[in-house]
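Listed here are the chains, written in short residue letters.
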Amino acid sequence: MPLHLGIDASTQSMSAVLIDAERPECALCESVNFERELPQYGTSAGAVAEEENPLEVWSYPLMWLDALDMLMLKLARRANLAEVVSVSGDGQQHASVWLNTPDAFLGLDPSKSLSQNLRPHLSRTRSPIWLDASTKEECAEMAAAAGGDERVLQKTGSVMTERFTGAQMRKIFKREPDVWRATRRIHLNSSFLCSALCGSDAPVDFGDGAGMNLMNLSSLSWDADMLGACAPNAGEKLPKLAPSSTVAGCVCEYFQKKYGFSKGVKVAIFTGDNPSSLVGSGDSSAGRATVSLGTSDTFFCALEKFSAAENAHIFGNPSGGFMGLVCFRNGSLARERLKDSLGIDWNFFDGSFESYEPRADSKFILPFYADETSPKLRATAPAFFGFERPPEKIETVRAFIEGQCFNMFLQAQRLGGRPGKITLTGGASKSEAIAQCLADVFEAEIFTISGSVNSAALGAAMRAAQWGGEESLEKLEAAFCKKSRFKSPRKEAARAYEKKIPEFAKLLEAAAKDK
Ligand code: XUL
């Protein structure tokens, strides 16, 4: 049976899913949790924050390599890896890996571990990751050098963003000149792991490359102005850019000898975790969107054309074209704080839309407990508007959820189009209240994914099957992205919200101005 392997290198763990396109029910999943299974690195949920400056957050490339060895060992115990015909993967976006040579991956020795093989080639043992927010100064410098925020947005699909790799590279160039000089290759987490797998220097795909503020989304190449704004010789240190459909090579001898892979197993280049989730959620084509409700909430959707949008990030869509992503900092943590402050439980929270008929009144909550990124505003507590008396608990919950959904709708609208179908994923995706409110606010059908496979890892396995194994995306989506309809929009509620949303937008705008 030809099997396709997807590897998802996320922040807290590395997971694998092995699929057979003819037998979708038999997907095999394995995972390595960084904090628990690789305690020697001392990470907390896969990351380390600097004690004196918690804005600085990193992880360890050697830990990721140890996890890859561990994951392969676990897989080899449960499956015959000689049956794998193609592999692909994805990684947390923005994280950079610093190497003293692009040839580091050649001739990996199977008598040693991956980390032993590659340790001598790291010019820096730490990898700044997406949780790092320490590059405010470098963002300002790069924006100024490249002609201002708007120009950077139009070129790279995002304004200068602290966690993005370009600003992180500039920071290391400024503060660690020896490291900068010694470095001849800067990989992303995704292209680094792909390189290890095929034993050669792999390209960065358009999906993950767009998360660096260095790629020009019109020409799909490294942008000379952005590279110039970043640091001297930055371009020479980066891998090539390539479409996500590129086959980088074959699984190298290291994995053949150690874990039983066959010769000639194709490796489709890795992408970022969000682009991979777009594929794994079955939302690769325009007109649909995914809402992931997690620590922070994200909204993302496929876009046919590149069009920059304020507060959004545009990345390459692995299936062709682009994708827009909006990230909301006040997600599950904000909902949890509301629940705790009201002394209610999740059943009360989730049941709050049962027999609720929204009216077009002017009662609103701006649902932010902390500074928000979309839109950019400062906040420490939710703000109440239009309530004559302190609201009942249930009223508070409803207005809070409405506030989150109104904001998501307003920010998502900037990406153009209106999704008729939304797939809900993430921890809070079972919430009846949030699902109903999203359905009414977006006037969209809400679906949840039937299987329990993590959507990024599944997307990676689907990409392996598509580009390395020649399966069609349509067939893969029909087999692996089965969804159930969860909630439908209600006409009356949608009409009420149509009136309320412009009023909410004004309150939001005023709050953002005050920042
Ligand atoms: C996206 C982002 C995160 C990471 C980790 O811009 O920073 O979603 O990809 O999941």
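Remember, predicted model here, so these are calculated numbers, not experimental data.

Draft legend 1. A look at the pattern of salt bridges. A complete count under the given rule lists 35 salt bridges for this structure. Across the pair Arg 495 and Glu 443 runs a salt bridge whose closest N-O atoms are separated by 3.0 Å. Residue Arg 495 is located in helix α20 (residues 491-513), and its partner Glu 443 is located in the loop between α17 (432-442) and β26 (445-449); the two are separated by 52 residues in the primary sequence. Residue classification places Arg 495 among the partly exposed positions, given a relative accessible area of 33%. Judged by relative accessible area, which is 31%, Glu 443 ranks as partly exposed. Glu 509 serves as the salt-bridge partner of Lys 513, at 3.9 Å between the closest nitrogen and oxygen. Remark: Glu 509 and Lys 513 occur in helix α20; sequence separation between them is four residues, near one turn of the helix. Classification of Lys 513 as exposed rests on a relative accessible area of 65%. Connected through shared salt-bridge partners, Glu 137, Glu 138, Glu 141, Arg 170, Lys 174 and Arg 175 make up one network.

Draft legend 2. Region of interest: the side chain of Asn 317. Tracing the chain through its elements places Asn 317 in the loop between β19 (313-316) and β20 (322-328). There is a polar contact of 2.9 Å between the side chain of Asn 317 and the backbone nitrogen of Ser 319. Sequence-distant contacts of Asn 317, defined by excluding residues within four places in its chain, comprise Leu 278, Ser 284, Ala 302, Phe 322 and Met 323.

Draft legend 3. Structural view of the domain arrangement of the chain. Domain annotation for the chain reports domain 1 (3-269) and domain 2 (282-449 + 482-515). Between the C-alpha centres of domain 1 and domain 2 there is a distance of 31 Å. Taken together, the contacts link 19 residues of domain 1 with twelve residues of domain 2. Carbon and sulfur atoms make up 62% of the area that domain 1 and domain 2 hide from each other, which totals about 1,100 Å². When residues of domain 1 are sorted by the area they lose upon contact with domain 2, Leu 153, Gly 157 and Leu 217 head the list and together hold 33% of the total. Viewed at the interface, domain 2 and domain 1 are joined by zero salt bridges. In this assembly, domain 1 and domain 2 are joined by four residue pairs in polar contact (both at pLDDT 80 or more). Elements supplying a minimum of two residues to the side of domain 1 that touches domain 2: α5 (149-156) and α9 (206-209). For the side of domain 1 that touches domain 2, the element with the most residues is α5, which contributes three residues. Tallied by class, residues from the side of domain 1 that touches domain 2 come to seven nonpolar, eleven polar and one charged.

Draft legend 4. Structural view of the nonpolar core. Among the nonpolar cores identified, the biggest contains 96 residues, and Leu 214, Phe 299 and Phe 442 are the most heavily contacted of them. When residues of this core are sorted by domain, at least three fall in each of domain 1 (3-269) and domain 2 (282-449 + 482-515). Once residues lying within four places of it in the same chain are set aside, the contact partners of Phe 299 are Ala 289, Thr 290, Val 291, Gly 324, Leu 325, Val 326, Phe 328, Met 408, Ala 412, Leu 415, Pro 419 and Phe 442. With 58 residues, the next largest nonpolar core counts Leu 5, Leu 71, Cys 194 and Val 251 among its residues.

Draft legend 5. Geometry of the environment of Val 85. Assignment of secondary structure puts Val 85 in strand β6 (residues 84-91). With a relative accessible area of 33%, Val 85 lands in the partly exposed category. Separated by 212 residues in the primary sequence, Val 85 and Asp 297 have C-alpha atoms spaced 35 Å apart. Sequence-distant contacts of Val 85, that is, excluding residues within four places in its chain, are made with Pro 2, Leu 3, His 4, Val 265 and Lys 266.

Draft legend 6. Structural view of the environment of Phe 368. Within the secondary structure layout, Phe 368 lies in the loop between β21 (364-366) and β22 (372-373). What makes Phe 368 buried here is its relative accessible area of 4%. Separated by 15 residues in the primary sequence, Phe 368 and Ala 383 have C-alpha atoms spaced 7.7 Å apart. Once you skip the residues sitting within four places of it in the chain, Phe 368 turns out to touch Asn 330, Leu 377, Ala 379, Thr 380, Ala 381, Pro 382, Asn 407 and Leu 508.

Draft legend 7. Spatial organisation of the packing of helix α16 (residues 393-413) against α20. Here α16 crosses α20 at 85°, and the two axes come no closer than 10 Å. Comparing their axes, α20 and α16 come out roughly perpendicular. Contact with α16, carried on its side by Glu 402, Gly 403, Phe 406, Asn 407, Phe 409, Leu 410 and Gln 411, involves Tyr 497, Lys 500, Ile 501, Phe 504, Ala 505 and Leu 508 of α20 and no other residues of that element. Residues belonging to the contact of α16 with α20 are distributed by class as follows: eight nonpolar, three polar and two charged.

Draft legend 8. Up close: empty space enclosed by the protein. All chains considered together, the criterion is met by two cavities of 30 Å³ or more. There is about 100 Å³ of room inside the largest cavity. Only α16 and α17 provide two or more residues apiece to the lining of the largest cavity. The leading source of residues in the lining of the largest cavity is α16, at four residues. If you go around the second largest cavity, the residues you meet are Phe 409, Ala 412, Gln 413, Gly 417, Arg 418, Pro 419 and Phe 442. No other element matches α16, which puts three residues into the lining of the second largest cavity. Per-class residue counts for the lining of the second largest cavity are four nonpolar, two polar and one charged.

Draft legend 9. Geometry of the site of the ligand. Taken together, the neighbourhood of the ligand is formed by Gln 93, His 94, Trp 130, Arg 163, Asp 273 and Asn 274. A distance of 3.1 Å separates an oxygen atom of the ligand from a polar atom in the backbone of Gln 93. His 94 is positioned such that a nitrogen or oxygen atom in its side chain is 2.7 Å from an oxygen atom of the ligand. For the ligand, the accessible surface in isolation is 290 Å², of which the surrounding protein chains cover 90%. In the shell around the ligand, the residues fall into one nonpolar, three polar and two charged.

Draft legend 10. Just the sheet that holds strand β27 (residues 483-487), in detail. Here seven strands make up an open sheet; going across it, the order is β19-β20-β18-β17-β25-β26-β27 and the pairing mixed. Each edge of the sheet is formed by a strand with only one pairing partner; in this case those strands are β19 and β27. Here the average twist between neighbouring strands, direction ignored, is 30°. By the bridge criterion, seven bridges tie strand β18 (residues 297-303) to β20 in an arrangement that is antiparallel. What sits directly across from Ala 302, in β20, is Met 323.

How each quantity is defined
Residues numbered from 1 in each chain as written. Predicted model: local features only at pLDDT ≥ 70, side-chain atom pairs only at ≥ 80, totals over all residues. Heavy atoms only, no water. Salt bridge = Lys/Arg side-chain N within 4 Å of Asp/Glu carboxyl O. Helix = DSSP H or I, 4+ residues; strand = E, 2+ residues; numbered from the N terminus. Buried < 20%, exposed > 50% of the residue type's maximum accessible area, 1.4 Å probe, protein only. Polar contact = N/O pair within 3.5 Å; in protein donor to acceptor, adjacent residues only side chain to side chain. Contact = heavy atoms within 4.5 Å. Domains from an automatic or database assignment. Buried area = accessible area lost by both parts, 1.4 Å probe. Nonpolar A, V, L, I, M, F, W, Y, C, P; charged D, E, K, R; others polar. Core = buried A, V, L, I, M, F, W, Y, C linked by side-chain atoms within 4.5 Å. Axes fitted to C-alpha atoms, helices over the stretch in contact; angles between N-to-C directions. Parallel < 35°, antiparallel > 145°, perpendicular 65-115°, else oblique. 1 Å grid on protein atoms, 1.4 Å probe; cavity = no way out; pocket = protein on both sides within 12 Å on 5 of 7 lines; lining within 4 Å. Points joined across faces, edges and corners; volume = space filled by probe spheres on them. Near = heavy atom within 4 Å. Areas by Shrake-Rupley, 256 points an atom, 1.4 Å probe, with all protein chains shown as cover. Pairing = 2+ DSSP bridges.

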